[in-house]
Amino acid sequence: MLTKKQYELLLFINERLKETGVSPSFDEMKEALNLRSKSGIHRLITALEERGFIKRLAHRDRALEVVKLPDTMSASLASPSRASAPPVAANDDRSMSISVMGRIAAGTPIEALQEEVNQISVPMEMLRSGEHYALEVHGDSMIEAGILDGDTAIIQNGATADNGEIVVALVEGHEATLKRLRRKGEMIALEAANQAYETRIFRADQVRVQGRLVGLIRKY
């Protein structure tokens, strides 16, 4: 199974090779996938290589070879109207694999994690437009919002959120927390959903939204 970004990159590389015979540059890949840095492209290429979808050719710059395509991708290439279809889990045509990026604190903020830990299959109806990722919830500060310790939070990636939405907030550049966001003039309040926890107030420049909650997965 591939994540959406892995799928998009594989499709882009394959199409460029078919058109020109030369694999795209890292800058071209970064622009095509709307990523901020080349490091994200490096991680995606490594993941595709580890899964056997591409191969780097030795002693040649920008030399990538597409070894195989997922079944869903092969079908989309045969039908132009489906060329932008997202990847789905092999055993369920109504789900998609997304990256689990570590743990998020529903309590005292913990260090933000940026590397993929594993992947999880998520029902398509839970997802919205754009890129998504998942985080394992740690703590009990959001229990009155139905978010429990051990849940997996499904997050729509983005830097904006409406007042009152539950978001992944990066505090002062290094601590991540899952809270309800309230804007109060030039300040931002991160509200818990548990009376045992106080609302924390920050300057707007101290908080950066990294996504908003769109669903939960719970194991019993």
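Look up: the structure comes first, before these words.
The model shown is predicted, which means the values in this text are computed figures rather than measured ones.

### Considering helix 3 (residues 38-50)
Here is step 1: Helix length check: helix 3 (13 residues) gives 18 Å between terminal C-alpha atoms against 18 Å at 1.5 Å per residue, within 8%.
Here is step 2: Within the span of helix 3, buried status applies to Gly40, Ile41, Leu44, Ile45, Ala47 and Leu48. End-on view of helix 3: buried residues confined to an arc of 160°, all on one side of the axis.
Here is step 3: Lining the buried residues of helix 3 we find helix 1 (4-20), helix 2 (26-33), strand 1 (54-56) and strand 2 (64-66).
Here is step 4: With its phi angle positive at about 85°, Gly52 sits one or two positions after the end of helix 3.

### Here we look at the packing of helix 1 against helix 2
Here is step 1: The interhelical angle for the contact between helix 1 and helix 2, taken along N-to-C directions, is 125°, at an axis separation of 10 Å. Our classification of the angle between helix 1 and helix 2 gives oblique. Pair helix 1 / helix 2 crosses with right-handed handedness. Counted together, Lys5, Glu8, Leu9, Phe12, Ile13 and Arg16 of helix 1 and Glu28, Met29, Ala32 and Leu33 of helix 2 form the full contact between these two elements.
Here is step 2: Of the residues assigned to the contact of helix 1 with helix 2, the class counts are six nonpolar, no polar and four charged.

### Section: the nonpolar core
Here is step 1: Judged by nonpolar contacts, the single largest core of 17 residues is most densely connected at Ile104, Leu135, Val137, Ile147, Ile155, Val168 and Leu178.
Here is step 2: Of all the secondary structure elements, the ones that give two or more residues to this core are strand 3 (95-105), strand 6 (132-138), strand 7 (152-157), strand 8 (166-171) and strand 9 (175-184).
Here is step 3: Leu135 has contacts with Met101, Gly102, Ile104, Asp151, Thr152, Ala153, Ile155 and Val168, leaving out every residue within four places of it along the chain.
Here is step 4: Formed by 14 residues, the second largest nonpolar core is a distinct cluster that contains Ile41, Leu44, Leu64 and Val66.

### Quick word on the side chain of Gln206
Here is step 1: Within the secondary structure, Gln206 is located in the loop between strand 11 (200-203) and strand 12 (207-217).
Here is step 2: A polar atom in the side chain of Gln206 sits 2.8 Å from the backbone nitrogen of Arg203.
Here is step 3: Residues in contact with Gln206, not counting those within four places in the same chain, are Leu170, Val171 and Glu172.

### Some remarks on the pairing of strand 10 (residues 187-191)
On a regular strand, one side chain projects to one face of the sheet and the next to the other, so that they alternate.
Here is step 1: Where burial is concerned, most of strand 10 is hidden: four out of the five residues are buried.
Here is step 2: Here five bridges tie strand 9 to strand 10, and the two strands are oriented antiparallel to one another. In the sheet register, Arg182 faces strand 10, and the bridge partner there is Ala189.
Here is step 3: Here strand 9 folds back onto strand 10 in antiparallel fashion, the turn holding two residues, of which Gly185 has a positive phi close to 65°.
Here is step 4: Here strand 10 runs beside strand 11; their pairing, made up of four bridges, is antiparallel. Paired with Met187 across the bridge in strand 11 is Arg203.

Reading the values: rules and limits
- Along each chain, numbering runs from 1 in the same order as the chain's sequence is written.
- With the structure being a predicted model, the display of local features is reserved for residues of pLDDT at least 70 and the display and counting of side-chain atom pairs for 80 or more, all residues being used for whole-chain, interface and lining totals.
- Where side-chain values are given, they derive from all heavy atoms of the structure, hydrogens and water being excluded.
- Helix and strand assignments come from DSSP, with helices taken as H or I runs of at least 4 residues and strands as E runs of at least 2, each series counted from the N terminus.
- Residue count minus one, scaled by 1.5 Å, sets the expected span of a helix.
- Only protein chains enter the accessibility calculation, which uses a 1.4 Å probe; a residue is then buried when its area is under 20% of its type maximum, exposed when over 50%, and partly exposed in between.
- Along the arc lie the directions from the helix axis toward the C-beta atoms.
- The criterion used for residue contact is that any of the two residues' heavy atoms lie within 4.5 Å.
- To get an axis, fit a line to the C-alpha atoms, keeping to the stretch in contact for a helix; angles then go from 0 to 180 degrees between the N-to-C directions.
- Angles are sorted into four bins: roughly parallel if under 35 degrees, roughly antiparallel if over 145, roughly perpendicular if 65 to 115, and oblique for all others.
- Should the near helix be turned anticlockwise from the far one by less than a right angle, the crossing is left-handed, and should it be turned clockwise, the crossing is right-handed.
- Amino acids outside the nonpolar list (Ala, Val, Leu, Ile, Met, Phe, Trp, Tyr, Cys, Pro) and the charged list (Asp, Glu, Lys, Arg) are all regarded as polar, and Gly is one of them.
- Only buried residues count toward a nonpolar core. Its members are Ala, Val, Leu, Ile, Met, Phe, Trp, Tyr and Cys residues joined through side-chain atoms within 4.5 Å.
- Within 3.5 Å is the distance limit for a polar contact, defined as a pair of N or O atoms, with the added protein rule that one can donate a hydrogen and the other accept it, and that residues adjacent in sequence qualify only through two side-chain atoms.
- In this analysis, strands are considered paired if DSSP registers two or more bridges between them.

That's the geometry; what it means functionally is another story.
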